[in-house]
Amino acid sequence: MIVAVDQDLVEAVLFRLGRDPCLAAATGYREDDPEREALYQIADPGARNEAFGTYFAHWFHQAGLEGALRSALDEFPLLAGTIARATFCRARSARDEVGELFRGAEGPPRAVFALLPERLPERTHVPILRHECQHLHDILDPAFGYPLDPAVLRQLEADPLFRMRYRVLWDLCVDGRLSRRFPEFAKRLPFRNRELENSFGFLGSPVIEELFKELWYGEQPGHARLWKLATDPRHERGPALPGMPCPLCRFPTFSWAEPARIDALRDAVVRDFPAWTPAESLCARCAEIYAARNMRLPPTIVV
Ligand SMILES: [Zn+2]
Ligand SMILES: [Zn+2]
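Computed from a predicted structure; not experimentally measured.

K.L.:
Just to check I follow, could you spell out the coordination of the zinc ion (ligand 1) for this structure?
P.N.:
Six octahedral donors around a metal ideally sit at 90 or 180 degrees from one another, while four tetrahedral donors ideally sit at 109.5 degrees. Within the protein, the atoms that donate to the zinc ion (ligand 1) are H131 (NE2), H135 (NE2) and D171 (OD), at distances of 2.0 to 2.2 Å. When the donor residues of the zinc ion (ligand 1) are listed from N- to C-terminus, their spacing reads H-x3-H-x35-D. Separated by 36 residues along the polypeptide, H135 in helix 8 (residues 125–140) and D171 in helix 10 (residues 160–181) bring together distant segments of the chain. Its relative accessible area of 9% is what places H135 among the buried residues.

As structure tokens, then:
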């Protein structure tokens, strides 16, 4: 397995190492290294760029950062033994910090991980990589039964509500299994439990409790089980909590309409969505649209 790190991430990580006196002392890397200053003197832009690349790669390796990435992957032998290459690139925000698997028509799959540059100097990349590697392990493990057909995958991805529920269930059983290998994951239990309650409240407390036990403490549940749970047709429309999909546009929203506004829009919404009730709420964007429509289309229009 080749471990490759995008230059963008390497430079951003070293920039942070050089700025922090403790880290600089620990790694030997200095922001005011005369050797690096000398590289600016190289006149040819191509040669200068290449010299910087070699210089940064040397220090990234020297500071043990490449080893830090590789050792996280090596904890997942199925993954490390299957992929030909793991590429690390720079994430722009914590939401982008994910691992993805790419399979071509030929050859072994490749993995790409996005990380924020501050993770490596702080060594906070380990739990993130472990979580992502467990997902990728599941995808590669035939016992999990993750669908390989892109057409099936697209179908699974099509409904934001089912996709969100599937993510909640999979994350829960990923962290549950990791908590038995790495105690740091045990502290995620309350958070994962809350996510389950928020997304599957319609099942009622005793069922949710059983489900939590099954997924957190059980062995790998398998894609079919998770998908069946995620696509439960009951209460397709969840409660109006931050991050839940709006019952009208179905996009996850963090901004729900004010209750007073919902009452005013009730008739207009029900005309389009007869099964909708004000208790289900609607996102602020949909509320804007209905409010604008109400104004532009008064009940009596004289032409
Ligand atoms: Zn996850
Ligand atoms: Zn909406």
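K.L.:
Explanation requested: unusual backbone geometry in the structure shown.
P.N.:
Non-glycine residue R123 carries a positive phi angle of around 60°. Here R123 shows up in the loop between helix 7 (119–122) and helix 8. Residue classification places R123 among the partly exposed positions, given a relative accessible area of 41%. The phi dihedral of R250 is positive, around 70°, even though this residue is not glycine. One can find R250 in the loop between strand 5 (244–245) and strand 6 (252–253).

K.L.:
Could you clarify how one ought to interpret the environment of P278 in this entry?
P.N.:
Relative to the assigned elements, P278 resides in the loop between helix 14 (259–272) and helix 15 (284–296). Taking the C-alpha atoms as reference points, P278 and I139, separated by 139 residues in sequence, lie 40 Å from one another. Excluding residues that lie within four positions of it along the chain, P278 makes contacts with I262 and R266.

K.L.:
Explain the pattern of salt bridges here, please?
P.N.:
Two side chains carrying opposite charge are able to pair once their charged atoms lie near each other. With the rule as written, the count across this model stands at 17 salt bridges. Taking the shortest distance from any N to any O, the salt bridge between R130 and E75 comes out at 2.8 Å. With R130 in helix 8 and E75 in the loop between helix 5 (65–74) and helix 6 (77–82), this residue pair connects regions lying 55 residues apart in the sequence. Classification of E75 by relative accessible area gives partly exposed; the value is 22%. Of the charged contacts in the structure, one is a salt bridge between E195 and R192, with a shortest N-O distance of 2.9 Å.

K.L.:
Is there a simple way to think about the packing of helix 1 (residues 7–19) against helix 4 (residues 45–62) in this case?
P.N.:
Geometrically, a packed helix pair is captured by the angle between its two axes and the distance between the axes. As a packed pair, helix 1 and helix 4 sit with axes 10 Å apart at the nearest point and diverge in direction by 60°. Here helix 1 is positioned oblique relative to helix 4, judged by the angle of their axes. The handedness of the crossing between helix 1 and helix 4 comes out as left-handed. In this structure, helix 1 uses Q7, V10, E11, V13 and L14 to contact helix 4, whose residues at the interface are N49, G53, F56, A57, W59 and F60.

K.L.:
It is not clear to me how the coordination of the zinc ion (ligand 2) should be interpreted in this structure. Could you clarify?
P.N.:
Within the first shell, the zinc ion (ligand 2) binds the protein through C246 (SG), C249 (SG), C283 (SG) and C286 (SG), at distances of 2.3 to 2.4 Å. Coordination at the zinc ion (ligand 2) is tetrahedral: its 4 donor atoms span angles of 105 to 116° at the metal. Mapping the donors of the zinc ion (ligand 2) onto the primary sequence yields the spacing C-x2-C-x33-C-x2-C. Accessibility expressed as a relative area gives 8% for C286, which makes it buried.

K.L.:
It is not clear to me how the environment of A72 should be interpreted in this structure. Could you clarify?
P.N.:
Along the chain, the position of A72 falls in helix 5. For A72, a relative accessible area of 3% corresponds to the buried category.

Conventions used here
Residues numbered from 1 in each chain as written. Chains lettered and ligands numbered in written order. Predicted model: local features only at pLDDT ≥ 70, side-chain atom pairs only at ≥ 80, totals over all residues. Heavy atoms only, no water. Donors = N, O, S within 2.8 Å, 3.2 Å for Na, K, Ca; no water. Helix = DSSP H or I, 4+ residues; strand = E, 2+ residues; numbered from the N terminus. Buried < 20%, exposed > 50% of the residue type's maximum accessible area, 1.4 Å probe, protein only. Contact = heavy atoms within 4.5 Å. Salt bridge = Lys/Arg side-chain N within 4 Å of Asp/Glu carboxyl O. Axes fitted to C-alpha atoms, helices over the stretch in contact; angles between N-to-C directions. Parallel < 35°, antiparallel > 145°, perpendicular 65-115°, else oblique. Left-handed = near helix turned anticlockwise from the far one by under 90°. Tetrahedral: all angles 85-135°; square planar, octahedral: opposite > 155°, others 65-115°.

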